[in-house]
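# Breakdown of the fold
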Amino acid sequence: MPTAAPALLTPDWLAAAGRLAAPDPAPRSTVALRLAITDPPPGTAPAADLLVDLAGGRLAVTAAAGDPPGLLLTLPYAAAHTLLLGPARARAEILERGDVTVLGNFSLLFFVDAALQRDRAGQVAALRAGTAALPPGAAPAAGPEPVPVGTADPAPADVDAVARAADVLPRTLRELGREVGTSTPGAQFYASLHGKPLADVGLGLARPGVAMSAGSAPLWYCCAKPLLSVALGRLWEAGDFDPHLPVAHYLPEFGTAGKSAITSMDLLTHTGPVPTGADPLHGVVTGPDDERLRRAFAAVVEPGPAGAGPGINYSQWWAWYVLARLLPAIDGRDYPAYVEQEILRPCGMDRTRVHLSPEDYDAYGDRLPLIHVSNLGDTPQPTYFWSTRGAATRCVPGVNTRGPLADLGLLLEMLLAGGAAPGGRILAPTTVAALTARHRTGLHDRYGNADWGFGLRLECRTLGPAYTSFGTHASPRSFGHDGLWTAVAFADPDAGLVLAVHLNGKVEHERHRERIVRIADAVYQDLGLT
């Protein structure tokens, strides 16, 4: 009589997992994480350590031992089963549940997800085959997931737009073409000079079988953060808001557990006291509203060492979630309504959505550009982070905005024009100067972050090559933002240039920085601005 397969994380299951060829833990391409189970069934390990070889696809699962690695996920047993053995879409959906907590480098989950999907060594398939029936609430997986393939012919209008752009920006289009089909399946690109559009194009694939067009709506990631900078700048200009006052002055409920002295400027310049890896919204960034609000305001800040100065604690979502709560407290309108009425409409950004409505998702959710992850030169693997129905329809200020990059270009052109937009003035020139001034200096980190404006990244190449944000020819007055290893958008006041590029293939930081600098430099060379 055949022996029944063991359940996930039982001793027999861990023994079977231990017979797989384990990855070398030393290389940077191996990611270590711990799964802490909040409701371990009897006879299962309450925590497990996972090693994932991003390059070769091998993995090791062992009972947790010693100090946790740099990435710690606390989650229910069923969610752990889905994370390890479930399908790609369900793996992304565990962050919508509201019962998962993540500490550490959250961004590594994208690369882990791609490796588990790709399953180059066949080890995920082996574990699936040797694991007992699903626990209640876990997502089933029929078997190994093949690399999705698919081509799509671009529309004639997009072909014509690419040809026109290549006439003006030949080097730039060649550099984009080098990346499309290698590090990224697709790209969207917009450039203007003194307010005149030079290129508005889509290249390659948005997702398998769907062409990337100039009208596609890719995820802006943190390139959306300047929307809130402009919104708060308007309130600052009107005298209704002071960024140097504590956040608790406007939101008293925020001023608990060591947070009473945190100012809006601390959050806007990413010098608040919450480390990036301890972002309170890790794990529920697209979770239920009430749970996100509870975690954001209940976060505990421990006193730092005496005499310690500020440091960079880049907040992917927590700071912007808190700052967005200032809008209804001061103005009465929530973040989506305020941004729509006071920024998007006057700028003519009619195709931009700070988050999709359920109707939007029903209309074109199956055509949304997906983020693909390329693990160390492997085939870019489509992932479903931010593209499930639950995530795409959730308001995540500063991250979850979607729209053509030409719309993002309109926002930057408004700032270059001193706050004037086609639908009326949004900011005074002095306010634009305040938003783009250097509010954070003398700090830097390993990701090339240095000087910062009012929620805006500033060009810092004068500090050294590692701090080049927008290209080796961008003037020191350039400002904008980037979006986690996929996008960049900036304006150069000295050149009158606006550039926005989205590559829907996510690669490691160094590789992304190299390709963005190369593309931006090509624009300056094409236009004779070097």
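The structure under discussion appears in the preceding block.
In this report, the structure presented in the accompanying data block is examined. Each chain has its residues counted from 1, following the order in which its sequence is written. Two thresholds apply to this predicted model, a pLDDT of at least 70 for residue-level local features and 80 or more for giving and counting side-chain atom pairs, whereas whole-chain, interface and lining totals are computed over all residues. Only hydrogens and water are removed before side-chain values are computed, so all heavy atoms of the structure are retained for them.

### Regarding the sheet that holds strand E5 (residues 101-103)
Basically, it comes down to this: For two strands to pair, DSSP has to find at least two bridges joining them. Helix and strand definitions follow DSSP, with helices as H or I runs of at least four residues and strands as E runs of at least two, each counted in order from the N terminus. Axis lines are fitted to C-alpha atoms, over the contacting stretch for helices. Their N-to-C directions set the angle, which ranges from 0 to 180 degrees. By the convention used here, residues are in contact when the closest approach between their heavy atoms is within 4.5 Å.
As summarised here, the arrangement of the 5 strands in space is E3-E2-E1-E4-E5, forming an open sheet in which the pairing is mixed. Of all the strands in the sheet, the pair left with one neighbour each is strand E3 (59-63) and E5. Taken pair by pair, the neighbouring strands of this sheet meet at an average axis angle of 20°, ignoring direction. By the bridge criterion, 5 bridges tie strand E2 (residues 47-53) to E3 in an arrangement that is antiparallel. Within E3, the residue paired with Asp49 across the bridge is Thr62. Sitting on the sheet, helix H2 (residues 77-85) touches strand E1 (30-37), E2 and strand E4 (72-75), and the angle it makes with E1 is about 155°.

### Some points on the sheet that holds strand E10 (residues 381-382)
An order of E10-E9-E17 is seen for the 3 strands of this open sheet, with the pairing classed as mixed. What marks the edges here is a single partner per strand, and that holds for E10 and strand E17 (505-506). Relative to E10, strand E9 (residues 372-373) runs antiparallel, the two sharing 2 bridges. Bridge pairing links His372 to Pro382 in E10.

### Details of the side chain of His502
You can see His502 is positioned in strand E16 (residues 497-503). Leave out the neighbours within four places in its chain, and His502 touches Gly186, Ala187, Gln188, Met212, Pro218, Leu219, Ile371, Leu405, Thr486 and Ala487.

### Describing the pairing of strand E6 (residues 186-193)
Selection rule: Under the scheme applied here, a residue whose accessible area is under 20% of the maximum for its type counts as buried, over 50% as exposed, and between as partly exposed, the area being computed with a 1.4 Å probe on protein chains only.
Burial runs high along E6: 7 of the 8 residues are buried. Pairing analysis gives 8 bridges linking E6 to strand E7 (residues 196-207), with the strands arranged antiparallel. Bridged to Gly186 within E7 is Gly204. Turn length for the E6-E7 hairpin, with the two strands adjacent in sequence and antiparallel, is 2 residues, and the turn residue His194 shows positive phi of about 50°. Examined bridge by bridge, E6 and E16 share 7 bridges and lie antiparallel to one another.

### Let's talk about unusual backbone geometry
Positive phi outside glycine occurs at His194, with the angle close to 50°. If you trace the backbone, His194 turns up in the loop between E6 and E7. Not every positive phi belongs to a glycine, and Trp386 is a case in point at roughly 70°. Positionally, Trp386 belongs in the loop between E10 and helix H16 (389-392).

### A short note on the nonpolar core
Short version of the rule: Nine residue types can take part in a nonpolar core, namely buried Ala, Val, Leu, Ile, Met, Phe, Trp, Tyr and Cys, and a core is a set of them joined through side-chain atoms within 4.5 Å.
Counting 122 residues, the largest nonpolar core has Leu227, Leu232 and Trp386 as the members making the most contacts within it. Within the second largest apolar cluster, 26 residues are counted, among which are Ala199, Ala495, Leu497 and Ile519.

### Points about the environment of Arg518
In this fold, Arg518 is placed in helix H19 (residues 509-526). In the structure, Arg518 is positioned 343 residues away from Glu175 in sequence and 7.2 Å away in space, judged by C-alpha atoms. Not counting chain neighbours up to four residues away, the residues in contact with Arg518 comprise Glu175, Arg178, Glu179 and Arg511.

### With respect to the packing of aromatic side chains
Heads up, the rule is: Stacked, edge-to-face and tilted labels apply to pairs of Phe, Tyr and Trp rings (six-membered ring for Trp) whose centres lie within 6.5 Å, assigned for plane angles under 30 degrees, over 60, and everything in between, in that order.
This structure, assessed with the given rule, holds 13 aromatic pairs. Aromatic side chains Tyr221 and Trp386 sit 6.5 Å apart centroid to centroid with 85° between the ring planes, which places their arrangement in the edge-to-face category. On the criterion of sequence distance, the pair formed by Tyr221 in the loop between strand E8 (210-211) and helix H8 (225-237) and Trp386 in the loop between E10 and H16 is long-range, its members being 165 residues apart. The two residues Tyr221 and Trp386 agree in class, both being buried. A centroid spacing of 5.8 Å and a plane angle of 50° characterise the contact between Trp317 and Trp386, whose relative ring orientation is tilted. Here Trp317 is found in the loop between helix H11 (289-298) and helix H12 (318-324), whereas its partner Trp386 is found in the loop between E10 and H16, with 69 residues between them in sequence. The pair formed by Trp317 and Trp386 is uniform in burial state, with each residue classed as buried. Taken together, the ring pairs in this structure connect Phe106, Phe110, Tyr221, Trp317, Phe385 and Trp386 into an aromatic cluster.

### Thoughts on H19
Under the convention used in this document: Expected span of a helix, by definition, is 1.5 Å for each gap between consecutive residues, and there is one gap fewer than residues.
The end-to-end C-alpha distance of H19 is 26 Å, a good match for the 26 Å that 18 residues give at a rise of 1.5 Å each. With 13 of 18 residues buried, H19 lies mostly within the body of the structure. Immediately beyond the C-terminal end of H19, within one or two residues, lies Gly528, with a positive phi of roughly 65°.

### Some points on the packing of H8 against helix H14 (residues 335-347)
Worth spelling out the cut-off: Angles are sorted into four bins: roughly parallel if under 35 degrees, roughly antiparallel if over 145, roughly perpendicular if 65 to 115, and oblique for all others. Classification used: nonpolar for Ala, Val, Leu, Ile, Met, Phe, Trp, Tyr, Cys and Pro, charged for Asp, Glu, Lys and Arg, polar for all others including Gly.
As a packed pair, H8 and H14 sit with axes 10 Å apart at the nearest point and diverge in direction by 80°. Comparing the axis directions of H8 and H14 gives the class roughly perpendicular. Counting all contacts with H8, which are made through Leu227, Leu228, Val230, Ala231, Arg234 and Leu235, the residues of H14 involved are Tyr335, Tyr338, Val339, Glu342, Ile343 and Leu344. Across the contact of H8 with H14, the residue classes tally to 10 nonpolar, no polar and 2 charged.

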